[in-house]
Every structure is written in C-alpha cells, then in structure tokens.
Amino acid sequence: MDINQFQRREICCFTGHRPDKLPSGWEQDGAACARLREALRAAISQATDEGYRCFISGMAQGVDTWAAEEVLALKQRGADVYLFAALPCPSQDSRWPASSRIRYRFLLAQTHGQMTLCERYTPYCMGARNLWMVEHASRLIAVFDGSPGGTASTVRHAENFGLDIVRIDTSR
C-alpha cells in the first residue's frame, strides 16, 4: 500500500519521548505510562472520529512504539485505519536490547507500508524522518514535556507547516 493513496487531511503522525525521558523511564508498565498511553489512545480515537485513517509512526522506542501498537489494536477491532512506518535508516534498531528489536520487527511486519529516509545512519537521519512525517501529515500527536530535543524540533516543524497539533504533556 502506498501512503499517496491518502489525502494529507487523512494522515496523522506521532512524535514523543524515548523511554529515558518518560516519567517511569524504561519501566513501561508503570502508572505514569498507563496514563500517557490512555491519553494517546484517546487522541488516536478522536483522530479517527475526525476522519484520519492513515497514521505514521517513526517506530522509535517509547511513544512511537506505543502509537504503532494503539493504531494496530484499533485495526484489529475493525477500524478502517492504516499504519505506515517512517524509518530514519535500515539499522534503526541495531543497538537496541533484544526484546525491543523483537517488538520493533513484530510491529514492522504489520505495517501497511514503510518509508526509509536514509540508506545508512547519519547524524541527520532522525531529523529527516521527522520532517518527512510532518510534510505528509495534517495532524501531529505529540507526547512530550516541552524539553529541547528531537520531539520539540518535530513540534516546531509541525507548527511551521500549519499542522493541527494535539499535545499530551508527560509532566502531569
């Protein structure tokens, strides 16, 4: 399936922190993460109610992974939604723990399409991936605390491109 089958107004993308910047860190089953995942699930559900059918995840650990899982769960429940993976480079998961690589590859196998932005890792490939997602979407769901970094940069890109931005604050 090709992402170009969808109109930009039907496409939503995600940005958010990696586990080390989330309230419960790498412990992904904590109460703080449960609250964030529920807020993310609600934002995705609202997006589908508003006509968004295509969702792009950057497939990084943390929020991107959660978002992919939530979209696929909606699909399993019969929703007319599609998940696309925007990958910075083919080796994105090469330094991840084995359990994270297994989870990543399981999710990748269920996507409806993939776009790889760079042939190999470079200092700029993550930013290229984030910019590509913003350029193809009309809504960004952002899970973050406002701190500097890749997530904040993606939010700035989305603001500059005029996307509708749904913010989920990790600090509450």
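Here's a quick rundown of the structure. Note that the structure is predicted; figures quoted are calculated from it, not measured.

1. Considering the overall build of the protein
Item 1. The helix and strand inventory of the protein stands at five helices and six strands.
Item 2. N-terminal to C-terminal, the α/β element order of the protein is β-α-β-α-β-α-β-α-β-α-β.
Item 3. Taken over C-alpha atoms, the radius of gyration comes to 15 Å for the protein, in line with the 16 Å a tight globule of 172 residues would show.
Item 4. Principal-axis analysis of the C-alpha atoms places the extent of the protein at approximately 35 × 35 × 35 Å.

2. As for empty space enclosed by the protein
Item 1. Applying the stated criterion across every chain, the model contains one cavity of 30 Å³ or more.
Item 2. One number sums up the size of the largest cavity: a volume of about 40 Å³.
Item 3. Around the largest cavity, the lining residues are Phe14, Thr15, Gly16, Arg18, Asp64, Arg129, Asn130, Met133 and Thr151.
Item 4. Secondary-structure elements contributing two or more residues to the lining of the largest cavity are strand 1 (11–16) and helix 4 (125–136).
Item 5. Looking at the lining of the largest cavity residue by residue, the classes come out as two nonpolar, four polar and three charged.

3. So, the packing of aromatic side chains
Item 1. Applying the stated criterion across every chain yields a total of four aromatic pairs.
Item 2. Where Phe6 meets Tyr82, the ring centres are 5.4 Å apart and the plane angle is 50 degrees; that geometry is what we call tilted. Of this pair, Phe6 sits in the segment before strand 1 while Tyr82 is found in strand 3 (residues 82–87), placing the two residues 76 residues apart along the sequence. For the pair shown, Phe6 and Tyr82 are each scored as buried.
Item 3. Considering the side-chain rings of Trp96 and Tyr104, the 5.0 Å spacing of their centres and the 75 degrees angle between planes classify their relative orientation as edge-to-face.
Item 4. Take Tyr104: its relative accessible area is 5%, and that puts it in the buried class.
Item 5. Aromatic ring contacts, followed pair by pair, group Phe6, Tyr82 and Phe84 into a single cluster.
Item 6. Of note, Lys75 hangs over the ring of Tyr82, and the distance from its end group to the ring centre comes to 4.0 Å.

4. Digging into the environment of Ala137
Item 1. Tracing the sequence through the fold places Ala137 in the loop between helix 4 and strand 5 (139–144).
Item 2. Of the residues examined, Ala137 reaches a relative accessible area of 0% and is grouped as buried.
Item 3. A C-alpha to C-alpha distance of 4.7 Å links Ala137 and Ile11, two positions 126 residues apart in sequence.
Item 4. Beyond its immediate stretch of four places on either side in the chain, Ala137 contacts Arg8, Ile11, Cys12, Cys13 and Leu163.

5. What about unusual backbone geometry?
Item 1. Of note in this structure, Met59 is not a glycine but carries a positive phi near 65 degrees.
Item 2. Examined against the element boundaries, Met59 turns out to sit in the loop between strand 2 (54–57) and helix 2 (63–76).
Item 3. A relative accessible area of 1% places Met59 in the buried class.

6. Description of the packing of helix 2 against helix 3 (residues 98–110)
Item 1. Contact pair helix 2 / helix 3: the axes reach a minimum separation of 11 Å and the direction vectors enclose 40 degrees. Relative to helix 3, the element helix 2 is oriented oblique. Where helix 2 crosses over helix 3, the two elements pack in a sense that is left-handed. In this structure, helix 2 contributes Thr65, Trp66, Ala68, Glu69 and Leu72 to the contact, and helix 3 contributes Arg103, Leu107 and Gln110.
Item 2. In the contact of helix 2 with helix 3, the residues fall into four nonpolar, two polar and two charged.

7. Details of the nonpolar core
Item 1. Of all hydrophobic cores here, the largest spans 29 residues; its most connected members are Phe14, Leu40, Ile44, Phe55, Met59 and Ile141.
Item 2. Elements represented by at least two residues in this core include exactly strand 1, helix 1 (31–49), helix 2, strand 3, helix 3 and strand 5.
Item 3. At seven residues, helix 2 tops the list of elements feeding residues into this core.
Item 4. If sequence neighbours within four positions are ignored, Phe14 has contacts with Leu40, Ile44, Phe55, Ile56, Ser57, Asp64, Ala67, Val71, Met133, Leu140 and Ile141.

Quick notes on the rules
Residues numbered from 1 in each chain as written. Predicted model: local features only at pLDDT ≥ 70, side-chain atom pairs only at ≥ 80, totals over all residues. Heavy atoms only, no water. Helix = DSSP H or I, 4+ residues; strand = E, 2+ residues; numbered from the N terminus. Rg over C-alpha atoms; globule rule 2.2 N^0.38 Å. 1 Å grid on protein atoms, 1.4 Å probe; cavity = no way out; pocket = protein on both sides within 12 Å on 5 of 7 lines; lining within 4 Å. Points joined across faces, edges and corners; volume = space filled by probe spheres on them. Nonpolar A, V, L, I, M, F, W, Y, C, P; charged D, E, K, R; others polar. Phe/Tyr/Trp six-rings, centres within 6.5 Å; stacked < 30°, edge-to-face > 60°. Buried < 20%, exposed > 50% of the residue type's maximum accessible area, 1.4 Å probe, protein only. Lys NZ or Arg CZ within 6 Å of the ring centre and 35° of its normal. Contact = heavy atoms within 4.5 Å. Axes fitted to C-alpha atoms, helices over the stretch in contact; angles between N-to-C directions. Parallel < 35°, antiparallel > 145°, perpendicular 65-115°, else oblique. Left-handed = near helix turned anticlockwise from the far one by under 90°. Core = buried A, V, L, I, M, F, W, Y, C linked by side-chain atoms within 4.5 Å.

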